[in-house]
Amino acid sequence: MVSASRAKRDATSNQLLSDLSANLFELEAARRTERLTTDSLLPQAELTFKAALSGYETGKVDFATLLDAQRQIRQAKLNQIKSRAEAQVRLAEIERILGEEL
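Quantities reported herein were computed from a predicted structural model and do not represent experimental measurements.

> I keep staring at the pattern of salt bridges and nothing clicks. Help me out?
Where charged atoms from two side chains of opposite charge approach closely, those side chains can pair. On inspection of all chains with the given rule, the structure shows seven salt bridges. A salt bridge links D10 to R9, with the nearest nitrogen and oxygen atoms 3.5 Å apart. Here E28 makes a salt bridge to R35, at a shortest N to O gap of 3.3 Å. With relative accessibility at 33%, the residue E28 sits in the partly exposed group.

> Would you take a moment to explain the side chain of Q80 for this structure?
Positionally, Q80 belongs in helix α2 (residues 63-98). Setting aside anything within four residues of it in sequence, one finds Q80 in contact with E34, T37, T38 and L42.

> Would you mind going over the side chain of R90 with me for this structure?
One can find R90 in helix α2. Within the structure, the side chain of R90 is placed 2.8 Å from the side chain of E26, a separation counted as a polar contact. Contacts of R90, omitting those with residues within four sequence positions, involve N23, E26 and L27.

> Looking at this model, I keep getting lost on the nonpolar core. Mind explaining?
For soluble globular proteins, nonpolar side chains are generally found buried alongside one another. Core analysis: the biggest nonpolar cluster contains seven residues, these being L20, L27, A30, A87, L91, I94 and I97. Mapped onto this core, the elements with two or more residues apiece are α1 (2-58) and α2. Looking at this core element by element, the count peaks at four residues for α2. Filtering out sequence-adjacent residues up to four positions away, L91 remains in contact with L27 and L102.

> How should I be thinking about the packing of aromatic side chains in this particular structure?
Centre-to-centre distance and the angle between the planes together describe a pair of aromatic rings. Evaluated as defined, the whole model comprises one aromatic pair. Taking 5.6 Å as the distance between ring centres and 55 degrees as the angle between the ring planes, the aromatic pair formed by Y56 and F63 counts as tilted. Residue classification places F63 among the partly exposed residues on the basis of a relative accessible area of 45%.

> Can you walk me through α1 in this structure?
Given 3.6 residues to a turn, an α-helix orients residues that are three or four positions apart in the same direction. Taking 1.5 Å per residue, 57 residues should reach 84 Å; α1 reaches 82 Å between its end C-alpha atoms and fits that length. Helix geometry: α1 is bent most strongly at T37, by close to 40 degrees. Within α1, the full set of buried residues consists of L20, N23, L27, A30, T37, L42, A45, A52 and G55. Taken together, the buried residues of α1 touch α2. Looking one or two residues beyond α1, the residue adopting positive phi is G59, at roughly 85 degrees.

What counts, and at which threshold
Residues numbered from 1 in each chain as written. Predicted model: local features only at pLDDT ≥ 70, side-chain atom pairs only at ≥ 80, totals over all residues. Heavy atoms only, no water. Salt bridge = Lys/Arg side-chain N within 4 Å of Asp/Glu carboxyl O. Buried < 20%, exposed > 50% of the residue type's maximum accessible area, 1.4 Å probe, protein only. Helix = DSSP H or I, 4+ residues; strand = E, 2+ residues; numbered from the N terminus. Contact = heavy atoms within 4.5 Å. Polar contact = N/O pair within 3.5 Å; in protein donor to acceptor, adjacent residues only side chain to side chain. Core = buried A, V, L, I, M, F, W, Y, C linked by side-chain atoms within 4.5 Å. Phe/Tyr/Trp six-rings, centres within 6.5 Å; stacked < 30°, edge-to-face > 60°. Expected span 1.5 Å × (residues − 1). Bend = angle between axes of the 7 residues up to and from the residue.

Right, dumping it as structure tokens:
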């Protein structure tokens, strides 16, 4: 019985460590995605929109292009929000595993 109890404890411990590692990896991935979106994709989308707006004002770009540029900004912001939410979910899961707030 002692041996079975130890085996069960070890299995539980291994599962918790595995879950913790997976959540740490996913937390870091979500943070990297947010940084990429914030530092690269969103500024690029905003520049594209400004260029499309200038082109539209001069008649060189049609309205659909302007709308697409605005859609890109909204999509980048949505990706930013999704990444932040995913990071918070992973952080909450890590706190649950550890049994304390970080």
